[in-house]
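# Understanding the architecture of this molecule
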Amino acid sequence: MASTIRLKTKTNDGVTTVRAIIRHPMETGFRIDSETSELVPVHYINEVIVKHNGNVVMSCDWSRAVSKNPYLSFMFKGADAGDKLELTWRDNENNSDSIETRIE
Amino acid sequence: MLRRDTFKYLASGAMVLVSGLLKPIAALAKWNEAAFSAVDYDEAIATYYPNQKIKESEQISIGVHAVVENGAVVPIKVKTDLPNIESIAIFVDKNPNPLIANFDLSPSCVGFISTRIKIQQASNIIVMVKSDGMIFSARTFIEVHEGGCG
């Protein structure tokens, strides 16, 4: 199955910008399904961890109020081209996915 | 503070033993369920930053449109040049749960975070930055035409 994560990096003057998009419904539990007229159960990513060469560089605690198909961007220093960058998410149903890329 | 943290750590450890769950302790201790479940803004703040003084700061900028058509997808950019940033958190005071997201930054991170959030109605967006162990805040008001929590 294709990854739920798109992860890109760009380094300028020693600062690496990380951009990620995760495919996830981020259901609040307030939405009514138009076909069944029933509430769609709450289902959302509550944890995202990004590691640079195995060390946590940034981690997120999220609520269900992060938008559907979450977008995340942050910047950090000290990465070299070819370094490993890994992003992992976990949701309230304990599903998870992970992707690894190389710093550009 | 330290003692309380130690207690929390031990308490969650005990819970793991009692319930027989094999989840890592850190994962249980980290996501602050009480703060994320709070329905009142002041309660969310008091729960997330217990006994902490919060100071307004002009060194935090919140990049967001003042008027938003669709509250389901509100792009937000936070920048700060405060020193030694440990975390950046986003709150929306009129949302069903005001604590939206927290980002823990390692020392190598720049004071910047960008994401997209849902906003139910006209609200203040409040950003809290933990810098040098203290909490600093900034806020901005936004108008929302169509709520984004449904």
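Looking now at the confidence of the model for chain B. Residue and element names in this part refer to chain B. In the predicted model, chain B carries a mean pLDDT of 87, and 80% of its residues have values of at least 70. Counted against residues more than four places away or in other chains, residues 13-28, with its pLDDT under 50, gives 10 contacts. Prediction confidence for the complex, expressed as pTM and ipTM, is 0.87 and 0.96 respectively.

For the rest of this paragraph, the subject is the sheet that holds strand β4 (residues 74-80) of chain B. Strand order in the open sheet formed by 6 strands is β1(A)-β2(A)-β5(A)-β7(B)-β4(B)-β2(B), with antiparallel pairing between adjacent strands. Each edge of the open sheet is held by one strand with a lone partner, namely β1 (5-12) of chain A together with β2 (60-63) of chain B. This sheet shows a mean twist of 15° between the axes of neighbouring strands, independent of strand direction.

Before going further, it helps to spend a moment on the packing of aromatic side chains. Taken as a whole, this structure holds 8 aromatic pairs over all chains when the rule is applied. Ring geometry for Tyr41 of chain B against Phe91 of chain B: centres 6.1 Å apart, planes inclined by 85°, an arrangement best described as edge-to-face. Placement of Tyr41 of chain B in helix α4 (residues 41-48) and of Phe91 of chain B in strand β5 (residues 85-92) is noted, with a sequence separation of 50 residues between them. Both residues of the pair, Tyr41 of chain B and Phe91 of chain B, count as buried. By way of ring pairs, the aromatic residues Tyr44 of chain A together with Trp31, Phe36, Tyr41, Tyr48, Tyr49 and Phe91 of chain B are connected into one cluster.

The next thing to look at is the pattern of salt bridges. All chains considered together, the criterion is met by 4 salt bridges over all chains. Close ionic contact of Glu27 of chain A with Arg31 of chain A constitutes a salt bridge, the shortest N to O distance being 2.8 Å. What makes Glu27 of chain A buried here is its relative accessible area of 12%. Notably, a salt bridge pairs Glu86 of chain B with Lys130 of chain B, separated by 3.9 Å at the nearest N-O pair.

Here the focus is the nonpolar core. Grouped together as the largest cluster of nonpolar side chains are 66 residues, with contacts concentrated most on Met58 and Trp62 of chain A together with Phe91 and Phe103 of chain B. What Met58 of chain A contacts, discounting residues up to four positions off in sequence, is Val48, Ile49, Val50, Leu72 and Phe74 of chain A together with Phe103, Asp104, Leu105, Cys109 and Ile113 of chain B.

We now examine the pairing of strand β7 (residues 96-102) of chain A. Side-chain direction in a regular strand flips from residue to residue, so the side chains alternate between the two faces of the sheet. Residues and elements named next belong to chain A. Relative to β7, strand β6 (residues 84-91) is paired through 7 bridges, and the arrangement is antiparallel. Opposite Thr88, over in β7, you have Ser98 as the bridge partner. Counted along the chain from β6 to the antiparallel partner β7, the turn is 4 residues long, and its residue Asn94 has a positive phi close to 65°.

This part covers α4 of chain B. Residue and element names in this part refer to chain B. Buried within α4 are the following residues: Tyr41, Ala44, Ile45 and Tyr48. Buried positions in α4, seen along its axis, are confined to an arc of 95° and lie on one side of it. With a side-chain oxygen lying 3.2 Å from the backbone nitrogen of Asp42, the N-terminal cap of α4 falls on Asp40.

Another point: the interface of chain A and chain B. Every contact between the two is made by 29 residues of chain A and, on the other side, 31 residues of chain B. Summed over both sides, the interface between chain A and chain B buries roughly 2,500 Å², with carbon and sulfur atoms accounting for 51% of that surface. Our count for the chain A to chain B interface comes out at 1 salt bridge. On inspection of chain A and its partner chain B, the count reaches 21 residue pairs in polar contact (both at pLDDT 80 or more). Looking at the side of chain A that touches chain B, the elements with two or more residues in it are β4 (55-62) and β5 (71-77) of chain A. Here the side of chain A that touches chain B is built from residues that sort into 16 nonpolar, 8 polar and 5 charged. Looking at chain direction, β4 of chain A and strand β6 (residues 99-105) of chain B are connected through 5 bridges and run antiparallel. Bridge assignment links Trp62 of chain A to a residue of β6 of chain B, and that residue is Ala101 of chain B.

Calculation criteria
Residues numbered from 1 in each chain as written. Chains lettered and ligands numbered in written order. Predicted model: local features only at pLDDT ≥ 70, side-chain atom pairs only at ≥ 80, totals over all residues. Heavy atoms only, no water. pLDDT = per-residue confidence, 0-100. Contact = heavy atoms within 4.5 Å. Pairing = 2+ DSSP bridges. Helix = DSSP H or I, 4+ residues; strand = E, 2+ residues; numbered from the N terminus. Axes fitted to C-alpha atoms, helices over the stretch in contact; angles between N-to-C directions. Phe/Tyr/Trp six-rings, centres within 6.5 Å; stacked < 30°, edge-to-face > 60°. Buried < 20%, exposed > 50% of the residue type's maximum accessible area, 1.4 Å probe, protein only. Salt bridge = Lys/Arg side-chain N within 4 Å of Asp/Glu carboxyl O. Core = buried A, V, L, I, M, F, W, Y, C linked by side-chain atoms within 4.5 Å. Arc of directions from axis to C-beta. Polar contact = N/O pair within 3.5 Å; in protein donor to acceptor, adjacent residues only side chain to side chain. Buried area = accessible area lost by both parts, 1.4 Å probe. Nonpolar A, V, L, I, M, F, W, Y, C, P; charged D, E, K, R; others polar.

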